[in-house]
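Chain by chain, the residues:
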Amino acid sequence: AAAFLGLVDKTQAVHELLPEQAGGLAEPADAVLAELVTWANGFTPQQLGLLLASSLLSGAGATWFQSNGQRKASAPKAQLWFAMTPVFGAVWAYLILGEALTYHECTGAALVVGAIVLSIPPPRDRSQAAAAAAAADAEAE
């Protein structure tokens, strides 16, 4: 596999993914930091705001919601929520970037949301649940 990817040659010497001439691993840390600062200075405030919003909403925020949701939801319900990823992406693109939502995107979003609604069972009446629990206790004795 390594030979196929071009990481190993006929002499079986392992090559770096990023050679030194192209800013590879042997570059000093201060040079890398200087490149990073130069790169970051090229952003406008609006671009930095969008970058920050993107990283917080779809990065850290999504990871936090996913980990909390997985703890509290069953696997089938969690999968339906994960299927909402494109819906959330389209909504954020509409709200933040002003992109238009197409008929196909709206139809797909409606189908995904509809599947979630259909997968949620109706709430049981508390009196029915209490009666079922009492009957189960009576049978156990």
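One can find the structure itself at the top, above this paragraph.
Notes on the structure in this doc start here. (Residues numbered from 1 in each chain as written. Predicted model: local features only at pLDDT ≥ 70, side-chain atom pairs only at ≥ 80, totals over all residues. Heavy atoms only, no water.)

Examining the packing of helix 3 (residues 75-82) against helix 5 (residues 103-119)
Then comes step 1: Viewed as axis vectors pointing N to C, helix 3 and helix 5 meet at an angle of 160°, and their least axial separation amounts to 10 Å. It follows that helix 3 is roughly antiparallel to helix 5 by the angle criterion. By crossing handedness, the relation of helix 3 to helix 5 is classed as left-handed. Side by side, helix 3 and helix 5 meet where K77, L80 and W81 of the first sit next to A115, I116 and S119 of the second.
Then comes step 2: Looking at the contact of helix 3 with helix 5, its residues break down into four nonpolar, one polar and one charged. (Axes fitted to C-alpha atoms, helices over the stretch in contact; angles between N-to-C directions. Helix = DSSP H or I, 4+ residues; strand = E, 2+ residues; numbered from the N terminus. Parallel < 35°, antiparallel > 145°, perpendicular 65-115°, else oblique. Left-handed = near helix turned anticlockwise from the far one by under 90°. Contact = heavy atoms within 4.5 Å. Nonpolar A, V, L, I, M, F, W, Y, C, P; charged D, E, K, R; others polar.)

Comments concerning the packing of aromatic side chains
Then comes step 1: Summed over the entire model, instances satisfying the criterion amount to two aromatic pairs.
Then comes step 2: Measuring from ring centre to ring centre gives 4.9 Å for W39 and F43, while their planes differ by 85°; the resulting arrangement is edge-to-face.
Then comes step 3: Relative to F65, the ring of W64 lies with its centre 4.9 Å away and its plane at 75°, an arrangement referred to as edge-to-face.
Then comes step 4: Looking at W64, the relative accessible area reads 52%, which means it is exposed. (Phe/Tyr/Trp six-rings, centres within 6.5 Å; stacked < 30°, edge-to-face > 60°. Buried < 20%, exposed > 50% of the residue type's maximum accessible area, 1.4 Å probe, protein only.)

Observations concerning a nonpolar patch on the surface
Then comes step 1: On the surface, a nonpolar cluster with roughly 1000 Å² of combined accessible area is contributed by L50, L57, W81, F88, V91, W92, Y94, L95, I96, L97 and L101.
Then comes step 2: For the nonpolar patch, the secondary-structure elements that each account for two or more residues are helix 2 (45-72) and helix 4 (85-97).
Then comes step 3: It is helix 4 that provides the largest number of residues to the nonpolar patch, a total of seven residues.
Then comes step 4: You can see V91 is positioned in helix 4. (Patch = residues over 30% accessible without salt bridge, like charges linked within 9 Å, V, L, I, M, F, W, Y side chains within 5 Å. Areas by Shrake-Rupley, 256 points an atom, 1.4 Å probe, with all protein chains shown as cover. Salt bridge = Lys/Arg side-chain N within 4 Å of Asp/Glu carboxyl O.)

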